[in-house]
Amino acid sequence: MQYNPVDGSPTTFNIGSGEMSNLASLADGIQELADVEFHRAPTKDVIDVEQSSAARAASLSSNDYLGWSATTSLKDGAAKLLAWHIDRALPFFPPSTDSEHVDYSSVQVLTKEQQADGELPMSIPIDGEKILNRRGLSSCSSDDPMCLRELHTSYPCSSECSSQSCTPSIFDGVMDITHEATEDCDIVMYTMALGYDIENMEIETEYSDGSEQEEWDETTVCTIAFIPSESTLAKNVISQIPTSSLAKRDIPPNSDYDTKVKKLSGYIAHKGWALVLVDGATEPLTAEDMFMLKLSPARMFHETVRKLMFVDENFSHTPYPEDAQFLTSETSRGVLKKRTITGPDAKGNKVKYKLPEEPQRRAVLLVSPMRKIPDVDGDKMPLADVTISLMDDVGLDTSDIEPTEIRTQRQFYTQARSLINSNDLRSLTSVAQNKIEIKDFIRSKWIVHHLKLEEGHQLRCEWYREHVRWGTHLDQLSFAYVMAKRELTRKIITKQPVPPKRTDGLTILEQIIRIRSDAHEWYPIFSAEGAANAIHASDISPEVVPPNLQDLPENEVHDAKPDAYYSDDSSTYYVRIMSDERMMESRKQWMKLKNNHRKYVTRMKEKQAQRAAEAEE
C-alpha cells in the first residue's frame, strides 16, 4: 500500500492469484459447499477479463515490484469467507424445523473422532468448520489474528449450542441414560454436584418419576441429579444396594464397579434424586462443562420434556416436584381483560383508573430478581457494588481481593457501557440514541427453561457463549449484559423513542402498574421477522377516570383474571423475572386450583368405581 513507483514500473497491479475463473464456476463451488440451490439467470456469453494477456502480465509483475503475491485461491477464499459469515450469522445454527415448537434433543452431532471413523450422523447443523472441511482446508485457531473466527465457536457436543465442530465432553456418555430416564416427563427438576469428590448430597427432594402426577392428570415431574461416577457418594450408594435389587438389573453380585455404574446410572436414587453417574467428573471442570447443564441443557433430555427447572446444589430450601409444577406454570399467562382499579393520585387521594387489556405472554426463561439492587438508572449502575453482592450470593469471599477474572469481566462491561453510551460515538438518528442499560440482575440458584421455543434456545446459547468466555462463577453478571444488549437491539429495531429523562422515583402511573399488574416482570424478547412484537410494561398506560364519572356502574372496581384459553398463534416471548411477593401471591392461587382439580379427579374416580360396582351387581 506504500508502493513508490520507479522508472519504467507499472502503477496498476492485478493482485489476483492468476487462477482463471468465472462467476459460474464460483457459484458452482459455493453451491456445493453450502448445500443450497441458486436461482440463476440464463447464461450469457461474456468476455472473461482474466483471460486477457495484459491482466496476466500485470498479475505476474506484482510479485516483481511489490514483493508480494496472492497465496489464497478464489475458491479457497470464498470458502473461508462463507465459513466466517455462517459462524457469525448462525452461531447456534437455525431451527431444525419450521414448527414453533422445536426439538434439540434429537439433533445428532458427532465428535471429531467419530467423524474420522467415517460415522454418518442423521442430522448435522451446518457451520463454518463443515464448509472448510469440504474444501479440504484446515481450521485456524482463534488465537491467530488472521483467523477471522470468534472465540468459543466450538462447544461441547452435548450442548444444544454445538454444531459439527463440537468438542467431546464428560456428558457425551450419559446422554442416552438421561433420555431414557426422562422419557414421558413433562418437567424435569435437576441438580448437579460435579468437579470434586462429593461425599454427600446437601440438597434433597421428594423422589418423582412422574407416576404420581399422572394419576391426578397433572403435568409429570422427574427428579434427576448428576454426580461423578467415581465419587465417594456413588460408591457408598452402590455398595448398599441389595443383591435382589442388583438381580433385577441383571447384575451379578460379583460384578466389577464399572459394570455396576454402567447398568445402574439413572436407576438408583438418593435423597429423592435419580442419580446419573458421570465418568471423569471428580476433577475441576472447564467453564464449558461446568455451565453446560445449567445454561444450555436441552440436548441432554428426552424430546417429551417441555420444561426444566435447574436447582443449585447449594440452594438453601428443599425443592419439591410441586415447586417445579408451580414455577413452570408461571411461564405463561393468558390475556388480561380491561379492568377498573383504585390507586393514589399525585396528592395521595384514592381515585379510579382504567387499565387496558394486556396480551397473553409466554416466558422462555423464568428467574427471580437479585435482592437489594441499587436504585439508580441502568446506564449508571455501580457494577463494582453489584459484583460484590453477586459474589456473596454464590458464596465467594468478598473480604479478599476481587479475583482477576471477575474484575476483568466487570471492567469490560463498564467500559463497553461507557463506549456505547458516549455521545461522541452514537448515531445522530433519534432511535439510536437509546443507551445500553445493565440492570437486569437475577439470582440463578434456580432457573426454569422452556425447551420448545426457538427464542429460548437462542437466548440460552447467547448466555452460555457470553459466560464461558470469562470462566467466572457469576453467570448473573453475564446474563445482565446479554439482556442489556438484547434490550438495546429491540429498541433500535422497533424504533422505540428515547424515554424522557427520569426524575427521582417511579411516577404515579408506574407505581400503579407495578402494584396492580405483573407487566413489569416480563422482559420482551425481540422475535424473528414476522412474529408479533412483545409489549413492554412502559407501553401500558392507566387512564384516570374523571371525577364526575367515578361513581358510574361501568366504572365499578373489579378484579380481572387472565383468560384460561391460551393460543400459541399470537404469542409473544419474554424473560420473566418474578418477584418474591408476586410468587407468594400466585402460589396461593395455584394451590387452590390444584386442590380443586384433585377434588374433581377424586369425585370422577369415585363415580367410575361406583358405576363399575353397579355394573357387576
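None of the values given here were measured: they were computed from a predicted structure.

(A) Layout of a nonpolar patch on the surface. On the surface, Val6, Ile15, Tyr65, Leu66 and Trp68 cluster together to form a nonpolar patch covering roughly 470 Å² of accessible area. Along the chain, Leu66 turns up in helix α2 (residues 53-66). Look at Leu66 and you get partly exposed, because its relative accessible area is 33%.

(B) Representation of the state of the cysteines. The full count for this structure, using the stated rule, is 3 disulfides. Between the sulfur atoms of Cys157 and its disulfide partner Cys166 the distance amounts to 2.1 Å. Classification of the bridge connecting Cys157 and Cys166 rests on its S-S torsion, roughly 85°, and on that basis the disulfide is right-handed. For the pair shown, Cys157 and Cys166 are each scored as buried. Covalent S-S linkage joins Cys161 and Cys461, the inter-sulfur distance amounting to 2.1 Å. Taking the torsion about the sulfur-sulfur bond, which here is approximately -100°, the covalent link between Cys161 and Cys461 counts as left-handed. With Cys161 in the loop between α5 (128-134) and α6 (175-181) and Cys461 in helix α15 (residues 454-470), the pair connects residues that are 300 residues apart, well separated along the chain. Neither residue differs from the other here; Cys161 and Cys461 are each classed as buried.

(C) Spatial organisation of the sheet that holds strand β8 (residues 350-355). Sheet architecture is open: 3 strands sit in the order β7-β8-β12, paired in antiparallel fashion. Edge positions in the open sheet fall to β7 (339-344) and β12 (543-544), since each of these has one partner strand only. By the bridge criterion, 2 bridges tie β8 to β12 in an arrangement that is antiparallel. Bridge assignment links Tyr353 to a residue of β12, and that residue is Val544. Taken strand by strand, helix α17 (residues 508-516) contacts β7 and β8, and its axis lies near 120° from that of β7.

(D) Structural detail: the pairing of β8. Within β8, 5 of the 6 residues are buried, which leaves the element mostly enclosed by the surrounding structure. Taken together, the 6 bridges between β7 and β8 define a ladder with antiparallel strand orientation. Each bridged residue has a counterpart across the sheet, and for Arg339 the counterpart in β8 is Leu355. Linking β7 to β8, which pair antiparallel, is a turn of 5 residues; within it Gly348 sits at a positive phi near 90°.

Definitions and cut-offs
- Residues numbered from 1 in each chain as written.
- Predicted model: local features only at pLDDT ≥ 70, side-chain atom pairs only at ≥ 80, totals over all residues.
- Heavy atoms only, no water.
- Patch = residues over 30% accessible without salt bridge, like charges linked within 9 Å, V, L, I, M, F, W, Y side chains within 5 Å.
- Areas by Shrake-Rupley, 256 points an atom, 1.4 Å probe, with all protein chains shown as cover.
- Salt bridge = Lys/Arg side-chain N within 4 Å of Asp/Glu carboxyl O.
- Helix = DSSP H or I, 4+ residues; strand = E, 2+ residues; numbered from the N terminus.
- Buried < 20%, exposed > 50% of the residue type's maximum accessible area, 1.4 Å probe, protein only.
- Disulfide = S-S within 2.5 Å.
- Pairing = 2+ DSSP bridges.
- Contact = heavy atoms within 4.5 Å.
- Axes fitted to C-alpha atoms, helices over the stretch in contact; angles between N-to-C directions.

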